[in-house]
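# Structural characterization, general
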Amino acid sequence: MRKLAIGVALSGALALTGLAAPLAQAATPALVFSGVTVNKGKAIVVGTTAKVKVPVTYTLTRPSDLTIDNKKTFAGIMLYRGSLANSDNELDSDLTPACTTTATTDTTVTESCSDTITIDPGDSLYEAADATTWNVAGVYAHVDSDLDDSDEQISYSTDFAAWGGKGKVKVQRAAKLTADASPEPVKKGKTITVTGKLTRADWENEVYTGYVSQPAKLQFRAKGASTYTTVKTVTTVKGGALKTTVKAAKDGYFRYVFAGTATTGAATAAGDYVDVQ
């Protein structure tokens, strides 16, 4: 069954029949979704356990005689990976959008809408392939049902439409980064070894695993200073490990910084203080 969850009520309704069942032959309403913004235009970064709330805003223009009541008739925004007709994965809201009328004509109503798509990695993201650029669509559904079988009869019909091409958004694996400078304290001019580890979310196994062959900048901030400067770039090896050496010059903090990739979010390690004597 094709996953579709436009609101809790619609999710439950479609779970009863699935879109594989024949749809009612009703005319598709002329809905226009425009100005769609997902996550304020930023990539969506998701770890292994914490739910991520993704804000969505858009403008909806609908026929003035069409009521979106979010009980039987629904409209909203969906993120999908793959094609619109046969998606590999979908993300949508199970809440009711908040819409305010901004303009009306004799035949149309225009509304400014906001919604939240909540991503639970354990339920919504299944594999590394989900770390990619997703498409954005506007969706509509209408459900008619009579499930009272006291008269030995039930009826059920659904109408569904989707409009793609409403934008794109990246979904990325969250990254973690550590830094440890030793020995502490250290004599001036002696060697400091700075180790660390870069890991990223593995949604399929719900753990963080090492991210290899990735550049991370080693940065230093002197005691009393407000900014870090880059010392050198180090590349991760097996297990995401980082290791390099520098000469001890003054008291301060060392950290690693990872800029991120197309599939993985950026990460910055906490600074580790070294007392130079």
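Because the structure is a prediction, the values reported are computed rather than measured.

It is worth spelling out the sheet that holds strand β6 (residues 98-104) at this point. Across the sheet, which stays open at both edges, the four strands sit in the order β1-β3-β7-β6 with antiparallel pairing between neighbours. Of all the strands in the sheet, the pair left with one neighbour each is β1 (32-38) and β6. Strand after strand, the sheet turns through a mean of 20° between neighbouring axes, direction not considered. One ladder, built from 12 bridges, connects strand β3 (residues 52-63) with strand β7 (residues 108-119); its direction is antiparallel. Bridged to T61 within β7 is T110.

Here the focus is the pattern of salt bridges. By the definition in use, this model includes four salt bridges. Two residues, R81 and E127, come together in a salt bridge whose shortest N-O distance is 3.1 Å. One end of the pair, R81, is in strand β4 (residues 73-82); the other, E127, is in the loop between α2 (121-124) and β8 (133-146), and 46 residues separate them in sequence. Note on R81: relative accessible area 11%, which makes it buried. Given a relative accessible area of 36%, E127 falls into the partly exposed group. One network of salt bridges, with partners in common, ties together R81, D88, E127 and D130.

You can see Q219 is positioned in strand β14 (residues 215-222). In this structure the side chain of Q219 is engaged in a polar contact, spanning 3.2 Å, whose partner is the side chain of T230. Residues in contact with Q219, not counting those within four places in the same chain, are Y228, T229, T230, V231, Y253, F254, R255 and V257.

Okay, the nonpolar core next. If you look at the biggest cluster of nonpolar residues, it comprises 29 residues, and the most contacted ones within it are V38, I44, V46, Y58, L79 and I119. When residues in this core are grouped by element, the largest group, five residues, is from β3. In this structure, Y58 is in contact with F33, S34, G35, V36, A75, G76, I77, P97, E111, S112 and C113, ignoring residues within four places of it in sequence. Within the second largest apolar cluster, 24 residues are counted, among which are A175, L218, A222 and V234.

Take the state of the cysteines next. In a disulfide, the sulfur atoms of two cysteines are covalently bonded to one another. Across all of its chains, the model carries one disulfide by this definition. There is a disulfide in this structure between C99 and C113, and the S-S distance comes to 2.1 Å. Because the sign of the S-S torsion sets the handedness, a value of about 115° for the bond joining C99 and C113 places this disulfide among the right-handed ones. A residue pair is termed long-range when its members are at least 10 positions apart, and C99 in strand β6 and C113 in strand β7 qualify at 14 residues.

Once that is clear, we can look at the pairing of strand β13 (residues 207-210). Across four bridges, the pairing between strand β12 (residues 191-202) and β13 is antiparallel. Paired with T199 across the two strands is G210, which belongs to β13. The antiparallel hairpin formed by β12 and β13 contains four residues in its connecting segment, where E206 sits at a positive phi of about 60°.

Here is what the cut-offs are and how they apply
- Residues numbered from 1 in each chain as written.
- Predicted model: local features only at pLDDT ≥ 70, side-chain atom pairs only at ≥ 80, totals over all residues.
- Heavy atoms only, no water.
- Pairing = 2+ DSSP bridges.
- Helix = DSSP H or I, 4+ residues; strand = E, 2+ residues; numbered from the N terminus.
- Axes fitted to C-alpha atoms, helices over the stretch in contact; angles between N-to-C directions.
- Salt bridge = Lys/Arg side-chain N within 4 Å of Asp/Glu carboxyl O.
- Buried < 20%, exposed > 50% of the residue type's maximum accessible area, 1.4 Å probe, protein only.
- Polar contact = N/O pair within 3.5 Å; in protein donor to acceptor, adjacent residues only side chain to side chain.
- Contact = heavy atoms within 4.5 Å.
- Core = buried A, V, L, I, M, F, W, Y, C linked by side-chain atoms within 4.5 Å.
- Disulfide = S-S within 2.5 Å.

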